[in-house]
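Each chain, letter by letter, is given below.
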Amino acid sequence: MGKMPQYGGWAGKVLRVDLSTGRITTEDTVEKYKDYIGGTGLGYKVLWDEVAPETRAFDPENKIVFATGPLAGTSAPCNGRTAITTLWPTCWPKHLVGSGHMGGHFAAELKYAGFDGVIVEGRADHPVWLAIADGKVEIRDARRLWGQGIRRTTLEISRQMGPEAVVAAIGQAGENMVPMSVIINSVSHSGAGGAVMGSKNLKAIGVRGTGSIRIAGNREEWEKAVRYHLSLIGANNQIVVPSSPQPWAEHYNPGSRWVASRGRTWGAANPPIETGSCEPQNLNRIAYRTNNAAFFLGEQAWRYTVRGNGCTGCPIRCHTMIKVPTVASKYGIPEIGQSTCVRMIFGKWFFKSFPDGPLGETSIEAAMVGMHLADDLGLWDNYGQLQRDFQKCYSEGIFQSKVGEKEFRRYSWDKFEKGDPAFLFELLPRIAGKDGELASALGLGTGFMLEGWGISEEAWKSDRTLQYWKLGHPKHHSNEDAGQCGVIINTQYNRDAQCHSHTNFTRNGLPLEIQKRLAADLWGSDAAVDAAGDFTPMNVYKAKMAKWALLRKELHDSISLCNWMGPWSSSPLKERGYKGDDTLESLLYSLVTGDRKSPRELDEVAERIFVLHRALTIRGMGTREMRAKHDTIPDWVYGDDKDRIPFTKGTIQMDKDDIRKAMQMFYEEAGWDKETGVPTGATYRRLGLSDVEEKLAKKRLTA
Amino acid sequence: MKALIEADGIVEQVLNVVAPGQPVSRRRVLKLCGATIAGMASWHFFGMGGGISAPLIITEQAGGLVVADPTRCVGCRRCELACTEFNDGKSSPGTARIKVRRNLNFGPAGLYTGQCTDGNWGSGLIVQDFCKQCPHPVPCADACPNAAIEVKPPVNARVVNPDRCTGCKVCLKACPWEMMSFDPETNKATKCFLCEGKPKCVEACPAEALTYVSWVDLTGKVPSRTTPVSNRSVACIDCHK
């Protein structure tokens, strides 16, 4: 027996692979990264220490960091995420730090193989893939895999590593350094950054591990904590009420993703399986609550549903698997598809209409074709911005004016007009292959596409239907879900804000009076939350909620909990008054690692991580005028189709002065300078980031 | 032949319980069969740890077993994690006594049929492999050269006695369903012991895909993954003439 490691949870080593030299080394996770836990924290730390601010995404000097946290691979619910941190190739006009969050089974397998993370640097001189098996690491030749889709790549690598291997691969899009590309593992679990892998000539990372992760805490206590967490879980997005009246439920909400019910059946399971009433107390039926095919594709998706699928250890199966036999004969693609949310409707969203209506068979076929192509070519949708840009450019004649007649005619626009899914076979492979001006431009991401075509960003920022926010990316749960709090959150990142902490509360389905009661507990006053579309002016509690939401997001992305599912600030339990538990993260982290941290202490680590992200952004932009130049808000937020005025019922429109006040309040809560939006010296020092402050001060980038 | 000689001693002990004081031929003992010989392997009966040798064969039937419905399995692997975390204090699908991971991507046929028939890359069907708690002959127990696989009350699960296991892995080859695990951290084999009648895997399943039921004989009804071998088959000659 070797020396018992001091901490549980962590696998213990971070792998570092220099593809330029072929050098493979490891470092001690706890020794080097414990103050940043893992995940995005680890990624930001590597980028801060090792990647110079003038670096571009596709330079060999850029690094791409795959990192998990101490909860990945355990039975802590919803732990399947791997954070992928790198300079973001769609961040316009300059590539700034960004992170993608890939689910699936990669995180767990990497830990069982002995590593908490993989730092990839340099550039190989020919295509390679990385084989990681139980602590053994090899750079292998990928010339035969180059040019292949993700499905074939995965199968080939699995033949070499064994069927249990988990493969994170890029498709043709990543190989061709199309900025709008992803990395995929476990069929459908994507994280952006595919083009950065491609720029390094890295086709895939295959992992296989038979090792274990030690739970430091007492076994019975751990089991109790896990069961307790499960008892507070709702459906996808931590929605805690069902979508239809249920015998056990006091409330229901038609917008809920808790769609299980008597009479609703996984129709393509053999034999079919009824989801049933799914009482919240029954922990053995959690997996039936969510069906995102039915939620995103409509009621008729029930009959195509094979089952729920998803990440390691997650009882909420948000990747729904559907079987649509007609697509095999019509389009030559597998009859089974699986995905969730925007990637489930990837193909459907390109079209304006379908011959049999928005929820007809054709729309589902379009979704199937889209899922297949996007997950095989490895294309990113930028939270649906790709599809919205496509429709706008087509309908406003931008394509025609920018690409020339000959190229424009290469596309069967009649198929597009008719809503024929076959159109996607013309468009998507061309985006992945940079084939022609139209497809290449779409593959750049919004910011670079507009720049290339000489279109002002303002044109996009003022069009409410586009939902475009800034820096090349759209909004992600903004004012429509949480008023000023959502706006604040959407100013903070260099891609679409991947934060769900706020929406998972405001859209939990509970009546407002219950939400207000819970909010008073969490943020000090019931004034922190409003009903969506019935907003009140800004107050300090909304700023507290915004800060909490952002820190929880970074905490989750660092300890490996899914911020699409958490935090668990409410629960489906009437007997608890629908209260969740905001200390769950501290409980799970402390038990798994043995490093006891109170909720406050853990929040401070989260804040350190979040502020390091801020520092990276400040350094990358080379300005301290963050408020004016980075934390910007598009004009459409301040408008309304029906000219309703802010703070009246029915509008999500915000008020400029009120938002100015909101940003100021948020900066104050965060300990940042009110005028510039940069963290104060005291804040850096409070978080143990004095060295970061010093480096920024030398460049005059501090308050 | 040491095992056989020891076995004679065991048989005598059984007989003293079945028919005290009656001289019985060895052949007759074996004809008593089933319930009579059941109990030969009981830990209580022989007072394991008291210096008495382990039994030659397990004939006592198990009290229960876990059965699985693949159509309900959602591939989350919470069963594997519950098995090793709540029993061993570590997350370790590689040593879990219920096995989903190996079928997760491509199904039980793996990749080698040229098609991905099942699993996440195929039809979606996830087959959970579980210990059948075999009736006599118990392949893993029979194969063990150290008689480390024993029957353990209260549910008579077939259990690895870690004090006897030397980590030779013969049992891993012997199980026709490849349900034995080997833990490189303890250097011991491990297998499903039914959690004393409250299996953690069943409790952990979020899709009601696992059930703990009264023991039924599934051996021979479920396609095996390997061909069983036994290095103690010489000891079976009496029954298997």
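These numbers were taken from a predicted model, which means no experiment stands behind them.

About the thresholds
Residues numbered from 1 in each chain as written. Chains lettered and ligands numbered in written order. Predicted model: local features only at pLDDT ≥ 70, side-chain atom pairs only at ≥ 80, totals over all residues. Heavy atoms only, no water. Helix = DSSP H or I, 4+ residues; strand = E, 2+ residues; numbered from the N terminus. Rg over C-alpha atoms; globule rule 2.2 N^0.38 Å. Buried < 20%, exposed > 50% of the residue type's maximum accessible area, 1.4 Å probe, protein only. Contact = heavy atoms within 4.5 Å. Areas by Shrake-Rupley, 256 points an atom, 1.4 Å probe, with all protein chains shown as cover. Lys, Arg positive; Asp, Glu negative; His and termini not counted. Charge placed at Lys NZ, Arg CZ, Asp CG, Glu CD. Salt bridge = Lys/Arg side-chain N within 4 Å of Asp/Glu carboxyl O. Buried area = accessible area lost by both parts, 1.4 Å probe. Polar contact = N/O pair within 3.5 Å; in protein donor to acceptor, adjacent residues only side chain to side chain. Nonpolar A, V, L, I, M, F, W, Y, C, P; charged D, E, K, R; others polar. Pairing = 2+ DSSP bridges. Axes fitted to C-alpha atoms, helices over the stretch in contact; angles between N-to-C directions. Phe/Tyr/Trp six-rings, centres within 6.5 Å; stacked < 30°, edge-to-face > 60°. Domains from an automatic or database assignment. Core = buried A, V, L, I, M, F, W, Y, C linked by side-chain atoms within 4.5 Å.

Overview of the overall build of chain A
So, step 1. Secondary structure summary: chain A contains 29 helices and 20 strands in total.
So, step 2. Taken over the C-alpha trace, chain A has a radius of gyration of 24 Å; the compact-globule value for 703 residues is 27 Å, and the two agree within 12%.
So, step 3. By its C-alpha atoms, chain A is 60 × 60 × 60 Å across when sized along the principal axes.
So, step 4. When the 703 residues of chain A are sorted by exposure, 68% land in the buried category.
So, step 5. Once local pairs closer than 6 in sequence are excluded, the contacts in chain A between residues at least 24 apart make up 66%.
So, step 6. Surface exposure of chain A reaches about 22600 Å², of which carbon and sulfur atoms provide 48%.
So, step 7. Across chain A, the centroid of the 88 positively charged side chains sits 2 Å from that of the 83 negatively charged ones.

Details of the pattern of salt bridges
Residues and elements named next belong to chain A.
So, step 1. A complete count under the given rule lists 61 salt bridges over all chains for this structure.
So, step 2. A salt bridge links R16 to E27, with the nearest nitrogen and oxygen atoms 3.0 Å apart. Taken as a pair, R16 in strand β1 (residues 13-18) and E27 in strand β2 (residues 23-28) lie far apart in primary sequence, 11 residues in all.
So, step 3. Classification of R16 as buried rests on a relative accessible area of 10%.
So, step 4. Taking the shortest distance from any N to any O, the salt bridge between K34 and D595 comes out at 3.4 Å. Of this pair, K34 sits in the loop between α1 (29-33) and α2 (39-50) while D595 sits in the loop between α24 (584-593) and α25 (599-621); the two residues are 561 residues apart in sequence, bridging distant segments of the chain.
So, step 5. When its relative accessible area of 9% is taken as the criterion, D595 is described as buried.
So, step 6. Here the residues in one salt-bridge network are R16, E27, K32, E50, K63 and E121, joined through shared partners.

Re the interface of chain A and chain B
So, step 1. On the side of chain B, 43 residues touch chain A, which itself brings 58 residues to the contact.
So, step 2. For the pair chain A and chain B, the summed buried area comes to about 4200 Å², and 50% of that belongs to carbon and sulfur atoms.
So, step 3. Linking chain A with chain B are four salt bridges, by the criterion used here.
So, step 4. As a salt-bridge pair, R101(B) and E109(A) come within 2.5 Å of each other at their nearest N and O atoms.
So, step 5. Applying the counting criterion to the chain A and chain B interface returns 33 residue pairs in polar contact (both at pLDDT 80 or more).
So, step 6. Contributing elements (two or more residues each) for the side of chain A that touches chain B: α3 (106-112), α4 (150-161), β13 (213-214), α7 (219-232), β16 (305-309) and β18 (336-339) of chain A.
So, step 7. Broken down by element, the side of chain A that touches chain B gets its largest block of residues, six residues, from α7(A).
So, step 8. Looking at the side of chain A that touches chain B, its residues break down into 26 nonpolar, 20 polar and 12 charged.
So, step 9. For β13(A) and strand β2 (residues 90-91) of chain B, the ladder comprises two bridges, and the chain directions are antiparallel.

A few points about the environment of E675(A)
Residues and elements named next belong to chain A.
So, step 1. Among the structural elements, E675 can be located in the loop between α27 (656-670) and α28 (681-686).
So, step 2. Note on E675: relative accessible area 54%, which makes it exposed.
So, step 3. Expressed as a C-alpha distance, the spacing of E675 and A703, which sit 28 residues apart in the sequence, is 9.0 Å.

Focus: the packing of α7(A) against helix α4 (residues 78-88) of chain B
So, step 1. Where α7(A) meets α4(B), the axes come as close as 8 Å, and the angle between the chain directions of the two elements is 145°. Residues R219(A), W222(A), E223(A), V226(A) and L230(A) of α7(A) pack against R78(B), E85(B), F86(B), N87(B) and D88(B) of α4(B).

A word on the side chain of S212(A)
So, step 1. Position of S212(A) among the secondary structure elements: in the loop between β12 (202-208) and β13.
So, step 2. In this structure the side chain of S212(A) is engaged in a polar contact, spanning 2.6 Å, whose partner is the side chain of E185(B).
So, step 3. Look past the residues within four positions of S212(A) in its chain and what remains in contact with it is K90(B), S91(B), S92(B) and E185(B).

Quick word on the packing of aromatic side chains
Residue and element names in this part refer to chain A.
So, step 1. What the rule picks out here adds up to 35 aromatic pairs over all chains.
So, step 2. Their ring planes at 25° and their centres at 5.9 Å tell us that F351 and F416 sit as a pair that is stacked. Of the two residues, F351 is situated in the loop between α10 (341-344) and α11 (361-377) and F416 in helix α15 (residues 413-418); the sequence distance between them amounts to 65 residues.
So, step 3. Taking the relative accessible area as the measure of exposure, F351 reaches 5% and is therefore buried.
So, step 4. Taking relative accessible area as the criterion, F416 reaches 1% and is therefore assigned buried.
So, step 5. Ring plane angle 50° and centroid distance 6.1 Å describe the contact between F666 and Y667, whose orientation is recorded as tilted. For the pair F666 and Y667, one class covers both residues: buried.

Topic: the pairing of β12(A)
Residues and elements named next belong to chain A.
So, step 1. Taking burial as the measure, the seven residues of β12 include six buried ones, the bulk of the element.
So, step 2. Both strand β7 (residues 128-133) and β12 contribute to a ladder of six bridges, which runs parallel. Bridge assignment links W129 to a residue of β12, and that residue is A204.

Examining the domain arrangement of chain A
Residue and element names in this part refer to chain A.
So, step 1. Here chain A is described as being made up of domain 1 (13-208), domain 2 (220-441) and domain 3 (475-566 + 598-698).
So, step 2. Each of domain 2 and domain 3 has a C-alpha centre, and the two are 29 Å apart.
So, step 3. Between domain 2 and domain 3, the residue contacts involve 18 residues of the former and 16 residues of the latter.
So, step 4. A combined buried area of about 1300 Å² lies between domain 2 and domain 3, and 62% of that area is made up of carbon and sulfur atoms.
So, step 5. The three residues of domain 2 that bury the most area against domain 3 are N237, H251 and Y383, which together make up 41% of that side's buried surface.

Considering the side chain of R307(A)
So, step 1. Mapped onto the elements of the fold, R307(A) is located in strand β16.
So, step 2. Here R307(A) is buried and forms no salt bridge, its nearest opposite-charge partner D118(B) lying at an N-O distance of 9.3 Å.
So, step 3. From its side chain, R307(A) meets the backbone oxygen of V74(B) in a polar contact 3.3 Å long.
So, step 4. Within the structure, the side chain of R307(A) is placed 2.7 Å from the side chain of N120(B), a separation counted as a polar contact.

What about the nonpolar core?
Across soluble globular proteins, nonpolar side chains show a tendency to be buried alongside one another.
So, step 1. In this structure, I132(A), W222(A), F399(A), W413(A), L427(A) and L428(A) are the most contacted members of the largest nonpolar core, which totals 218 residues.
So, step 2. Sort the elements by how many residues they give to this core and α25(A) lands first, with 10 residues.
So, step 3. In this view, F399(A) contacts F390(A), C393(A), Y394(A), G404(A), F408(A), W413(A), L438(A), L442(A) and W453(A); residues no more than four positions away in its chain are not counted.
So, step 4. Grouped together as the second largest cluster of nonpolar side chains are 35 residues, V66(B), V100(B), V155(B) and L210(B) included.

Re the sheet that holds strand β8 (residues 136-141) of chain A
Residues and elements named next belong to chain A.
So, step 1. Spatially, the six strands line up as an open sheet ordered β8-β7-β12-β9-β10-β11, and their pairing is mixed. A strand with exactly one partner marks an edge of an open sheet, and here the two such strands are β8 and β11 (189-192). Each strand axis lies, on average, 20° off the axis of its neighbour in the sheet, ignoring direction.
So, step 2. Those strands touched by α4 are β7, β8, β9 (166-170), β10 (182-185) and β12, and its axis lies near 45° from that of β12.

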